[in-house]
Amino acid sequence: MASFSEQYLAALVANAAYVNFAGLNPTPSLPLDELQLRNRLIDKGRYSDKEAEDFAKKFEVVAVYSDGLTTGFQGIALRERDLNAGEPAGFGRTPGRIWIAFRGTETSLTGTLQDLAADVQLTLGLAIDQLGSLEKFMAKLAAPVASGGYGLLSAGTQVNFAGHSLGGHLAQMAALKYPQYLNHAYTQNTANVGGIVAGAAGLVGYNPLPASFRSRVSNTFTEAGLFMVSSGATGQRLGLDEF
């Protein structure tokens, strides 16, 4: 079971995936500086000034991938900064650790139609269009710098995946497709995997994934109740529900 501190950090990272990073091209060797990141977090309105300042002191954005209006996909890679002066060790923090987060359904006019199309695909099993973009992003993260990649992922690299809603579905798919990189995946109010058929199988307790995998995927819900996006209509959640 993930700690509260880890889940809190994961929620912050998932939230950052919604930020508009247009015009910025960070790399592992030249990440966004604290001021750049803080300003983007505030500009999107998803963070208060204090929250944005605190986040920018703990994380740096080292890669961004967006395919614009093609599918509505956006993924970001972040790296945890060293502990700040006076910041206690632990509490979910691991300096140098890589996080990869995926944006959920965008509510802006430019992104809504593409994301809604992905949401409809979820009832059929997976958001196939955005999954293709995810694979391109992961390939670029792993490709060497000399080949135009980020050189961020290599044998033995362990990362955390995170996402909210549609982004949670993508985080689960990343965990499934790239287990060699998986440290832990965290989702918040996530869409599921497998569509209606898998959802029906879940009603009778069937889940083909081993417990060793499921223990590395944590699903958190911020509000009790019935949600279409996280219901059996979009399949099963891959990990453990931690309300």
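Draft legend 1. A look at the overall build of the chain. If you tally the helices and strands in the chain, you get eight helices and nine strands. Counting the 243 residues in the chain, one finds 51% classified as buried. In the chain, 65% of the contacts between residues at least 6 apart in sequence involve partners at least 24 apart. Of the roughly 11100 Å² that the chain leaves accessible, carbon and sulfur atoms contribute 59%.

Draft legend 2. Focus on the nonpolar core. The biggest cluster of nonpolar side chains holds 29 residues, and the ones touching the most others in it are Ile-100, Phe-102, Leu-134, Phe-137, Met-138, Leu-141 and Phe-161. Elements with a minimum of two residues in this core: β1 (59–66), β3 (98–102), α5 (128–142), β4 (159–164), α6 (166–177) and β5 (182–188).

Draft legend 3. Expanded view of the environment of Gln-36. Inspection of the secondary structure puts Gln-36 in helix α2 (residues 34–44). A residue is classified by how much of its surface remains accessible, and Gln-36, at 32% relative accessible area, is partly exposed.

Draft legend 4. Spotlight on the pattern of salt bridges. Per the stated rule, a full pass over the model turns up eight salt bridges. Here Glu-60 makes a salt bridge to Arg-79, at a shortest N to O gap of 2.8 Å. Within this pair, whereas Glu-60 is found in strand β1, its partner Arg-79 is found in strand β2 (residues 74–80), the two being separated by 19 residues in sequence. The burial state of Glu-60 is the same as that of Arg-79; both residues are buried. For Arg-93, the salt bridge is made with Glu-80, and the minimal N-O distance between the two is 3.2 Å. You can see Arg-93 sitting in the loop between β2 and β3 and its partner Glu-80 sitting in strand β2, a full 13 residues away along the chain.

Draft legend 5. Region of interest: the packing of aromatic side chains. Summed over the entire model, instances satisfying the criterion amount to ten aromatic pairs. Between the aromatic rings of Tyr-178 and Tyr-181, the centroid separation amounts to 6.5 Å while the plane-to-plane angle is 25°, which identifies the pairing as stacked. A relative accessible area of 12% means that Tyr-181 is categorised as buried. Looking at Arg-46, its charged tip hangs above the ring of Tyr-18, at a distance of 3.9 Å from the centre.

Draft legend 6. Broad picture of the pairing of strand β7 (residues 217–220). Both faces of β7 are covered, namely the face carrying Val-217 and Asn-219 and the face carrying Ser-218 and Thr-220. With four bridges joining them, β5 and β7 adopt parallel strand pairing. By the bridge assignment, Gln-188 is partnered in β7 with Thr-220.

Draft legend 7. View of the pairing of β3. Counted residue by residue, β3 has five buried out of five residues, so it is predominantly covered. Side chains of β3 alternate between two faces, with Ile-98, Ile-100 and Phe-102 and Trp-99 and Ala-101 buried alike. As paired strands, β2 and β3 are joined by five bridges and run antiparallel to one another. The residue of β3 that forms the bridge with Arg-79 is Ile-98.

Draft legend 8. Molecular detail of the side chain of Ser-133. Mapped onto the elements, Ser-133 comes out in helix α5. Ignoring any residue separated from it by four or fewer positions in sequence, one finds Ser-133 in contact with Tyr-65, Asp-67, Thr-71 and Phe-73.

Draft legend 9. Spatial organisation of helix α1 (residues 4–16). A rise of 1.5 Å per residue sets the reference length of α1, with its 13 residues, at 18 Å; its end C-alpha atoms lie 19 Å apart and thus fit the reference within 8%. If you check which residues of α1 are buried, you get Ser-5, Gln-7, Leu-9, Ala-10, Leu-12, Val-13, Ala-14, Asn-15 and Ala-16.

Draft legend 10. Quick peek at the confidence of the model for the chain. Of all residues in the chain, 72% have pLDDT values of 70 or greater, and the mean over the chain is 80. Within the chain, helix α7 (residues 195–203) has the poorest average pLDDT of any element, 43, and β3 the best, 98. Note on residues 195–204: pLDDT is under 50 here. Beyond four places in sequence and across chains, it has 21 contacts. Counting contacts from residues 224–236, a segment whose pLDDT is below 50, to residues more than four positions away or on other chains yields 43 contacts.

Draft legend 11. Region of interest: α6. End to end, α6 covers 17 Å across twelve residues, agreeing with the expected 16 Å (1.5 Å per residue, within 8%). Buried residues dominate α6, accounting for ten of its twelve residues. Residues of α6 that are buried include every one of Leu-166, Gly-167, Gly-168, His-169, Leu-170, Ala-171, Gln-172, Met-173, Ala-174 and Ala-175, and no others.

Calculation notes
- Residues numbered from 1 in each chain as written.
- Predicted model: local features only at pLDDT ≥ 70, side-chain atom pairs only at ≥ 80, totals over all residues.
- Heavy atoms only, no water.
- Helix = DSSP H or I, 4+ residues; strand = E, 2+ residues; numbered from the N terminus.
- Buried < 20%, exposed > 50% of the residue type's maximum accessible area, 1.4 Å probe, protein only.
- Contact = heavy atoms within 4.5 Å.
- Areas by Shrake-Rupley, 256 points an atom, 1.4 Å probe, with all protein chains shown as cover.
- Core = buried A, V, L, I, M, F, W, Y, C linked by side-chain atoms within 4.5 Å.
- Salt bridge = Lys/Arg side-chain N within 4 Å of Asp/Glu carboxyl O.
- Phe/Tyr/Trp six-rings, centres within 6.5 Å; stacked < 30°, edge-to-face > 60°.
- Lys NZ or Arg CZ within 6 Å of the ring centre and 35° of its normal.
- Pairing = 2+ DSSP bridges.
- Expected span 1.5 Å × (residues − 1).
- pLDDT = per-residue confidence, 0-100.

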